[in-house]
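Chain by chain, the residues:
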Amino acid sequence: MTQQLIYALPKAELHLHIEGTLEPELMFKLAQRNKIKIPFASPEEIKKAYDFHNLQSFLDIYYQGANVLQNSEDFFDLTWEYLRRVHQDNVKHVEIFFDPQTHTARGIPFETVITGIKQALDKAQREYKMSSYLILCFLRHLSEEEAFATLNQALPFKHWIKAVGLDSSEIGHPPQKFERVFKQAMQEGFLSVAHAGEEAPADYIWQALELLKVQRIDHGVQCINDDKLIDYLKDKQIPLTVCPLSNIKLKVFHSMQEHTLKKLLDKGLCITINSDDPAYFGGYINQNFQTAAENLHLTKAELITLAKNSFKASFLPEHEKTQHIEKINNLTLST
Ligand SMILES: Nc1ncnc2[nH]cnc12
Ligand SMILES: [Zn+2]
């Protein structure tokens, strides 16, 4: 029943790292195609290595996996596999993160990365009528100078990129470190988001809001410890792009029953459900909805709110948001 409702709801995915959709089978295939050595003899062996105890232990494996991505065609295949997969989950709009520094640091040109991804996004628009935006993420463990260099590399492709974001190792790399880069990005016309309060305290969320002036917070679950922040997020309806399976795999919460997303929803925050790095965390968007629904006893009305929030929190123009939300309203009436 719940599964049918989750499938039936049109959804937007707003927190998705394209490099995190690299399934072991594709990693293995690309390693062979590009003659890249990986320390695994089969896709099954790759899967066995996915046992994480925190964000950093995941990132080490995630950056290593990305080494198999070499040509535009590889980025196309990666992106197309993801879009094909979430088309089956009834996803109508995606806002996808990509990490150019993971690739340019290995000598892969920015252009190679973005053209491969963009061709797949265009194909999904044509074949599935799925809309999309790209969000360029700066790696926060690298320097401000390197982030500025990446922003400059992005400028010739500005028309393909909606927003900038901030990801990678959070603790020790506060949003403040990128205040000037985000200011420059804003002047270039980009919107902005940032990972904040995934592992690090609520203060990082305040910094992302006040210094980086972000429109959304990625994760943000640590806000639960700061009542003033909760009131602020509620009053301003600043969305949190929450990723339930990711938070369990990376031990942000011990179990799904302890996840705070329902508490935040009850408090009136604009919460959305997303998959983060589905190839590594054991599920795409509908699986995230399903596991959260089962363990937190989410009602039908709450699942509908979460789907509507995904469009409300998106960067789509207002009239398109309204169209998607109307479709959900009509669907609700007929079920
Ligand atoms: N969950 C996450 N947090 C920070 N950086 C990431 N890069 C990919 N997934 C991430
Ligand atoms: Zn993320």
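Residues numbered from 1 in each chain as written. Chains lettered and ligands numbered in written order. Predicted model: local features only at pLDDT ≥ 70, side-chain atom pairs only at ≥ 80, totals over all residues.

Going by an unreviewed UniProt entry, the protein carries the name Adenine deaminase and comes from Candidatus Berkiella cookevillensis. Turning to the protein, the UniProt record has this under Catalytic activity (unreviewed entry): "adenine + H2O + H(+) = hypoxanthine + NH4(+)". For the record of the protein, the UniProt heading Sequence similarities (unreviewed entry) holds the text "Belongs to the metallo-dependent hydrolases superfamily. Adenosine and AMP deaminases family. Adenine deaminase type 2 subfamily." (UniProt positions renumbered as here; feature names shortened; annotations may be inferred.)

(A) Structural context of the overall build of the protein. In terms of helices and strands, the protein carries 17 helices and 8 strands. Across its three principal directions, the C-alpha atoms of the protein cover 50 × 40 × 40 Å. (Helix = DSSP H or I, 4+ residues; strand = E, 2+ residues; numbered from the N terminus.)

(B) How the structure looks around the sheet that holds strand β7 (residues 240-242). Taking strand neighbours across the sheet as the criterion, the 8 strands line up as β1-β2-β3-β4-β5-β6-β7-β8 in an open arrangement whose pairing is parallel. The strands lining the two open edges of the sheet, one partner per strand, are β1 (11-17) and β8 (271-273). Within the sheet, the average angular offset between the axes of one strand and its neighbour, ignoring direction, is 25°. Pairing of strand β4 (residues 163-167) with strand β5 (residues 191-196) involves 2 bridges; the strand directions are parallel. (Pairing = 2+ DSSP bridges. Axes fitted to C-alpha atoms, helices over the stretch in contact; angles between N-to-C directions.)

(C) Representation of the UniProt feature "binding site: substrate" (unreviewed entry) in the protein in the model. As annotated by UniProt and renumbered to match this structure, "binding site: substrate" (unreviewed entry) occupies D277. Among the structural elements, D277 can be located in the loop between β8 and α14 (278-281). For D277, the residues in contact, after removing those within four places along its chain, are H17, G20, Y62 and S246. (Contact = placed C-beta atoms within 7 Å.)

(D) Representation of the packing of helix α5 (residues 72-87) against helix α7 (residues 110-128) within the structure. Taken N-terminus to C-terminus, the directions of α5 and α7 make an angle of 35°; their axes are 7 Å apart at the nearest point. The chirality of how α5 crosses α7 is right-handed. Of the residues in α7, those touching α5 at S72, E73, D74, F75, F76, T79, W80, L83 and H87 are T112, V113, T115, G116, I117, Q119, A120, L121, K123, A124 and Y128. (Left-handed = near helix turned anticlockwise from the far one by under 90°.)

(E) Highlighting unusual backbone geometry. Of note in the backbone geometry, K251 takes a positive phi value of approximately 60° without being a glycine. The residue K251 is located in the loop between α12 (244-249) and α13 (261-266) in this model. We classify K251 as partly exposed; it has 14 C-beta atoms within 10 Å. Even without being a glycine, D276 presents a positive backbone phi close to 65°. You can see D276 is positioned in the loop between β8 and α14. By the C-beta count within 10 Å, which is 30 here, D276 ends up buried. (Buried ≥ 20, exposed ≤ 12 C-beta atoms within 10 Å, placed from the backbone.)

(F) Representation of the environment of T102. By secondary structure assignment, the location of T102 is in helix α6 (residues 100-104). Separated by 30 residues in sequence, T102 and S72 place their C-alpha atoms 15 Å apart. With sequence-adjacent residues up to four places away left out, T102 is seen in contact with E19, Y63, A66 and L139.

(G) The arrangement of the site of ligand 1 in detail. As a structural note, the neighbourhood of ligand 1 is formed by H17, G20, L55, Y62, D167, S168, H195, E198, S246, D276 and D277. Grouping the constituent residues of the shell around ligand 1 by class yields 2 nonpolar, 5 polar and 4 charged. (Near = placed C-beta within 6 Å. Nonpolar A, V, L, I, M, F, W, Y, C, P; charged D, E, K, R; others polar.)

(H) Examining the UniProt feature "active site" (unreviewed entry) in the protein more closely. UniProt's entry tags E198 with the feature "active site" (unreviewed entry), counted in the numbering of this structure. In this structure, E198 is in contact with L55, E170, H219 and V252, ignoring residues within four places of it in sequence.

(I) Layout of the pairing of strand β2 (residues 91-98). Burial within β2 is extensive, with 8 of its 8 residues counted as buried. In terms of strand pairing, β2 meets strand β3 (residues 131-139) through 6 bridges, oriented parallel. The residue of β3 that forms the bridge with H93 is S131.

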